[in-house]
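# A closer look at the structure
Here are the chains, one letter per residue:
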Amino acid sequence: MDSCEFWIPVVCRTCKIIVLGDAGVGKTSLTQLYCTGHFPEKTDSTIGVDFRERVLHVGGEKIKVQLWDTAGQERFRKCMVQHYYRNVHAVVFVYDVTNVASFRSLPLWMEECQQHLLGPDVPRVLVANKADLVTLNVASTIEQARHLAEVHSMPFYLYSAKSGNREQVDAIFSKLVLQITRQRRKKTEVVRSFKLTPKVNVEEEKKEKWTCNC
Ligand SMILES: Nc1nc2c(ncn2[C@@H]2O[C@H](COP(=O)(O)OP(=O)(O)OP(=O)(O)O)[C@@H](O)[C@H]2O)c(=O)[nH]1
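A brief report on the enclosed structure follows. (Residues numbered from 1 in each chain as written. Predicted model: local features only at pLDDT ≥ 70, side-chain atom pairs only at ≥ 80, totals over all residues.)

## Remarks on the overall build of the chain
A tally of helices and strands in the chain yields 8 helices and 6 strands. Scanning the chain from its N terminus toward the C terminus, one meets helices and strands in the order β-α-β-β-α-α-β-α-α-β-α-β-α-α. Buried residues in the chain amount to 29% of all 214 residues. Expressed as a percentage of contacts within the chain between residues at least 6 apart in sequence, the contacts between residues at least 24 apart total 75%. (Helix = DSSP H or I, 4+ residues; strand = E, 2+ residues; numbered from the N terminus. Buried ≥ 20, exposed ≤ 12 C-beta atoms within 10 Å, placed from the backbone. Contact = placed C-beta atoms within 7 Å.)

As structure tokens, then:
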């Protein structure tokens with residue numbers, strides 16, 4: 001059973017979370033709000049990727065939450081896309097409630113995740129941003145977004161990076177971090193129980209398989 005090495009988790013206390021969505025939906029604003037506590041008055045289009053960090057203490061562990069604020073514009077993301085998806089622990093999808101096209105793009109963002117082999121065990125959430133600009137016209141799209149999130153087993157948040165309270169944005173990201181740490185603990189337990197399996201049994205199994213009865 002040499003393959004047991006695959007089960008040994010890397011002792012790593014960094015959570016890499018990528019934030020995906022069309023240009024202008026508010027990815028930079030959300031990540032800055034979470035990491036600095038302030039909504040940025042002015043943002044520029046992200047080129048490639050921007051990194052932001054915040055340190056959390058979860059169950060006695062120090063966790064570095066690393067947010068990858070990715071470019072929404074295709075021309076600014078081409079060269080970086082392979083790097084976004086390496087060792088991702090969680091994904092935040094964002095769309096802008098005032099921009100139906102950004103909602104329609106969500107399946108494409110999900111498909112991109114699939115193409116880069118993000119498994120179903122990677123936690124995801126969907127944020128409908130700019131809730132301060134909600135009008136009756138967009139209510140049905142919000143319901144569709146809620147449904148999309150449900151179908152894909154993702155928590156759904158209607159939020160405003162501009163006027164929403166800090167606790168809410170903390171909850172969005174911190175819940176993801178909790179999910180990641182729980183998953184890690186489970187994997188560690190699997191490894192521990194696997195290591196406790198007496199080696200001699202494995203050898204016995206092998207012998208049995210190769211015994212010729214003729
Ligand atoms: N009214 C309102 N405006 C917002 C909100 N969030 C972001 N914005 C504005 O939307 C614009 C785009 O926000 P960004 O955070 O730069 O969007 P982005 O998704 O990072 O854009 P790219 O980097 O081009 O992919 C900015 O003018 C923000 O101030 C919000 O909740 N409400």
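Back to the write-up after that little detour.
## Brief notes about the pairing of strand β1 (residues 14-20)
Summarising burial for β1: 5 of the 7 residues are buried, a large majority. Here β1 runs beside strand β3 (residues 61-70); their pairing, made up of 6 bridges, is parallel. The residue of β3 that forms the bridge with Val-19 is Asp-69. Bridge analysis of β1 against strand β4 (residues 90-96) gives 4 bridges, and the strand direction is parallel. Residue pairing in the sheet places Ile-17 in a bridge with Ala-90 of β4. (Pairing = 2+ DSSP bridges.)

## Section: the nonpolar core
Residues Ile-17, Val-19, Leu-30, Val-92, Val-94 and Val-127 are the most contacted members of the largest nonpolar core, which totals 39 residues. Every element with two or more residues in this core is listed here: β1, α1 (27-36), β3, β4, β5 (124-129), α6 (139-151) and α7 (166-196). Here this core takes 6 residues from β4, the largest share from any one element. Once you skip the residues sitting within four places of it in the chain, Leu-30 turns out to touch Val-19, Val-94, Val-127, Asn-129, Ala-161 and Val-169. (Core = buried A, V, L, I, M, F, W, Y, C linked by C-beta atoms within 7 Å.)

## So, the pairing of strand β2 (residues 49-58)
Across a regular strand the side chains alternate sides, sitting on one face of the sheet and then on the other. The pairing of β2 with β3 spans 10 bridges and is classified as antiparallel. Its bridge partner lying in β3, His-57 is registered against Lys-62. Where β2 folds back onto β3 in an antiparallel hairpin, the turn is made up of 2 residues, including Gly-59, whose phi is positive at roughly 50°.

## Overview of the site of the ligand
Around the ligand, the structure places 21 residues, and the nearest of them are Gly-26, Thr-28, Thr-43, Thr-46 and Gly-72. Top element by residues in the shell around the ligand is α1. It accounts for 3 residues. Looking at side-chain class alone, the shell around the ligand contains 5 nonpolar, 12 polar and 4 charged residues. (Near = placed C-beta within 6 Å. Nonpolar A, V, L, I, M, F, W, Y, C, P; charged D, E, K, R; others polar.)

## Examining unusual backbone geometry
Unusually for a residue other than glycine, Asn-87 sits at a positive phi of about 55°. With respect to the helices and strands, Asn-87 occurs in the loop between α3 (81-84) and β4. Even without being a glycine, Lys-130 presents a positive backbone phi close to 70°. Relative to the assigned elements, Lys-130 resides in the loop between β5 and α6. Classification of Lys-130 as buried rests on a count of 26 C-beta atoms within 10 Å.

## Some details on the sheet that holds β4
Through backbone hydrogen bonds, the strands of a sheet pair up, either in parallel or in antiparallel fashion. Read across the sheet, 6 strands follow the order β2-β3-β1-β4-β5-β6 without closing on themselves; strand pairing throughout is mixed. The sheet terminates laterally at β2 and β6 (156-158), the two strands that pair on one side only. Ignoring strand direction, the axes of neighbouring strands in this sheet form an average angle of 20°. Lying on the sheet, α6 is in contact with β4, β5 and β6; it crosses β5 at an angle near 175°. (Axes fitted to C-alpha atoms, helices over the stretch in contact; angles between N-to-C directions.)

## Some details on the environment of Gln-66
Considering the arrangement of structural elements, one finds Gln-66 in strand β3. Taking the C-alpha atoms as reference points, Gln-66 and Val-127, separated by 61 residues in sequence, lie 18 Å from one another. Residues contacting Gln-66, with those up to four places away along its chain left out, are Thr-14, Cys-15, Lys-16, Ile-17, Phe-51 and Glu-53.

## What about the environment of Ile-63?
Positionally, Ile-63 belongs in strand β3. The exposure class of Ile-63 is buried, given the 21 C-beta atoms found within 10 Å. C-alpha of Ile-63 to C-alpha of Val-177: the two residues are 114 residues apart in sequence and 8.5 Å apart in space.

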